[in-house]
Structure formats: C-alpha cells, structure tokens
Amino acid sequence: MVLIETFEEFAKAAEHVYLNAPMKTRFVMKYNHSNCCLRVKVTDDISLLQYKTDSQQELRKLEKWISTLVKHMASEER
Amino acid sequence: MAQSSHNQGHLSNDVFMSELTLMFHNARTTGEVTTTIKRYDGRRKPHPKPRKLKNGKMSKVTPLPEPLEYSCLIRARCKNKKITTVDFES
C-alpha cells in the first residue's frame, strides 16, 4: 500500500502514471464523512498510488489539480 | 428477490450533479461516497480480441477506429446506488 505523505509528491507521481497510460489510468476518491477522511487512489492497474487527507486546504489543492487533469482528459492530446 | 441496486446508464451532467449531492447528503452519518474519474474515448464496443477458429487459425481482428474526441467518464457510488455521466470539455 503506497500511501504518499505529501500532496505535492502524490500529484507528481500520479501525473506521471496518468501521462504514461492515459486510457488505463483512473482516479478514485472515497469520502467518509463520519471520519472526515478523503482517500484518493490513482492506478493504471499496474501501479497504485494512494493519498489520504482530512484538511480543507489540501482539498482545495486537490480540486485544482484534478480540474487540470480532467481538462487534459477531455482534450485532443494523447 | 427484488434488486436493491439499479444502474441508470449515463445521466446528464445536471442530473448527475444533483444525484451526487444527494449521495453526499445521505452519507453524512454513515457510509462512504466513492467517485471515479477516467478518460473516455467514446467507444461503445469492447476492443476485439483474436480468437482461435475451428480450423486452428486465429481470427482476423479489425481494431476499433481511432477515437475522434475524448471526454471524461465520471462514476459515483454510494452503498447500493451507482450513477455515471460523461463530461465533454465543450
């Protein structure tokens, strides 16, 4: 279970995985309100990266980062 | 036995967002909401695989055409309810 400590490290590694295999990579976010915990998982079925947070500040960073990735997904770039 | 879960197929973005909001609301005290995002190339059929024919040869496979445009497939799941939508950048 590769749980990455910092968001910056996680984002960099996840981008690498995604750009390497854009059609196979998926981003999974699991939120549990009673524990106030968000778990993010990025996998291309070969490697797996995980990140966990309960901070609103990290959530904002995550939100911005995901929106740039989603833009790439919907664009023409391969 | 009645099926408690049912897949609604692709929802429109607006309906998906309201259903997703409802999921988060219902999961406040208990349960988890899982959201999955992946790139989607618009294919409606699986990638054809070469199969072994009766004469021992492998069948010819015409690969799917190159995708014209990409979009984003978003799925959400809460307990036994699943919803999906496709998001186009336009």
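Taking an unreviewed UniProt entry as the reference, chain B is identified by name as Signal recognition particle 14 kDa protein belonging to Petrolisthes cinctipes. If you open the UniProt record of chain B and go to Subunit (unreviewed entry), you find "Heterodimer with SRP9; binds RNA as heterodimer. Component of a signal recognition particle (SRP) complex that consists of a 7SL RNA molecule of 300 nucleotides and six protein subunits: SRP72, SRP68, SRP54, SRP19, SRP14 and SRP9."

An unreviewed UniProt entry lists chain A under the name Signal recognition particle 9 kDa protein, with Petrolisthes cinctipes as the source organism. The annotation that UniProt attaches to chain A under Sequence similarities (unreviewed entry) is "Belongs to the SRP9 family." Taken from UniProt, the Subcellular location (unreviewed entry) comment for chain A reads in full: "Cytoplasm".

Student: Would you mind going over the overall build of chain B in detail, with residue names and values included?
Tutor: Counting its regular elements, chain B contains 1 helix and 4 strands. Each helix and strand of chain B, placed in order from N terminus to C terminus, yields the pattern β-α-β-β-β. Taken across its 90 residues, chain B has 29% of its residues classed as buried. Counting only contacts in chain B whose residues sit at least 6 apart along the sequence, the fraction spanning at least 24 positions is 62%. Of the roughly 7,000 Å² of accessible surface on chain B, 54% is carried by carbon and sulfur atoms.

Student: Quick rundown of the environment of K24(A)? Include the residues and the values.
Tutor: Residue and element names in this part refer to chain A. Position of K24 relative to the elements: it lies in the loop between helix 1 (7-20) and strand 1 (26-32). It is 15 Å that separates the C-alpha atoms of K24 and A13, two residues lying 11 residues apart in sequence. The residues contacting K24, other than those within four sequence positions of it, are T43, D44 and I46.

Student: Help me get a handle on the UniProt feature "domain: SRP9" (unreviewed entry) in chain A, residues and values and all.
Tutor: Taking the UniProt record as the reference, the feature "domain: SRP9" (unreviewed entry) is found at residues 5-73 of chain A. For the annotated span residues 5-73 of chain A, helix accounts for 46% and strand for 29% of the residues, and the straight-line distance between the end C-alpha atoms is 26 Å.

Student: Can you break down the state of the cysteines residue by residue, with the values?
Tutor: Overall, the coordinates contain 0 disulfides over all chains when judged by the stated rule. C37(A) takes part in no disulfide bond, and the closest cysteine sulfur to it belongs to C36(A), at a distance of 8.1 Å.

Student: Can you break down the layout of surface pockets residue by residue, with the values?
Tutor: If you add up the space inside the largest pocket, you get close to 830 Å³. Sort the elements by how many residues they give to the lining of the largest pocket and helix 2 (residues 56-74) of chain A lands first, with 7 residues. Of the residues contributing to the lining of the largest pocket, the split by class is 16 nonpolar, 7 polar and 3 charged. Roughly 390 Å³ of internal volume is contained in the second largest pocket. If you trace the second largest pocket, you find 16 residues lining it, with D41(B), R43(B), L64(B), P65(B) and P67(B) closest to the centre. A class-by-class count of the residues in the lining of the second largest pocket yields 7 nonpolar, 2 polar and 7 charged.

Student: Any details on the pattern of salt bridges? Residues and values, ideally.
Tutor: Residues and elements named next belong to chain A. A complete count under the given rule lists 6 salt bridges over all chains for this structure. A salt bridge links D45 to R26, with the shortest nitrogen-to-oxygen separation between them at 2.7 Å. With D45 in the loop between strand 2 (37-43) and strand 3 (48-53) and R26 in strand 1, this pair connects stretches of sequence that are 19 residues apart. Members of the salt-bridge network, linked through shared partners, are E8, E58 and K61.

Student: Which residues make up the pairing of strand 3 (residues 71-78) of chain B, and what values do they have?
Tutor: Residue and element names in this part refer to chain B. With 6 of its 8 residues buried, strand 3 lies for the most part within the structure. Here 8 bridges tie strand 2 (residues 32-40) to strand 3, and the two strands are oriented antiparallel to one another. Within the sheet, the bridge partner assigned to K38 lies in strand 3 and is L73. Judged from the 7 bridges that link them, strand 3 and strand 4 (residues 81-87) form a sheet pairing that is antiparallel. Within strand 4, the residue paired with I74 across the bridge is T85. Here strand 3 hands over to strand 4 after 2 residues, with K79 in that stretch at a positive phi of 50°.

Rules used throughout
- Counting starts from 1 at the beginning of each chain's written sequence and moves along it residue by residue.
- Note on labels: chains are lettered from A, ligands numbered from 1, in written order.
- Totals for whole chains, interfaces and linings use all residues, but because this is a predicted model, local features are given only for residues with pLDDT of at least 70 and pairs of side-chain atoms are given and counted only at 80 or more.
- With hydrogens and water excluded, all non-hydrogen atoms of the structure serve as input to the side-chain values.
- UniProt positions are given in the numbering used here, feature names are shortened, and annotations may be inferred rather than shown by experiment.
- Here a strand is any run of E in DSSP of at least two residues, a helix any run of H or I of at least four, and the numbering for each starts at the N terminus.
- Exposure is judged per residue with a 1.4 Å probe applied to protein chains only, and the accessible area is read against the type maximum: over 50% gives exposed, under 20% gives buried, and values in between give partly exposed.
- Residues count as neighbours in contact if any of their non-hydrogen atoms are within 4.5 Å of one another.
- Per-residue and other accessible areas were derived by the Shrake-Rupley procedure at a 1.4 Å probe size, with only the shown protein chains allowed to occlude residues.
- In this description, a disulfide is simply a cysteine sulfur pair whose atoms lie within 2.5 Å.
- Using a 1 Å grid laid over the protein atoms alone, points where a 1.4 Å probe fits but cannot get out form a cavity; open sets with protein on both sides within 12 Å along at least 5 of 7 lines form a pocket; any residue with an atom within 4 Å of a point counts as lining.
- Grid points are joined across faces, edges and corners, and a volume is the space filled by probe spheres set on the points.
- Throughout this entry, Asp, Glu, Lys and Arg are counted as charged residues, while Ala, Val, Leu, Ile, Met, Phe, Trp, Tyr, Cys and Pro are counted as nonpolar. The remaining residues, Gly among them, count as polar.
- Basic side-chain nitrogens of Lys or Arg form a salt bridge, by our definition, when they fall within 4 Å of a carboxyl oxygen of Asp or Glu.
- Strand pairing is assigned whenever DSSP detects at least two bridges linking the two strands.

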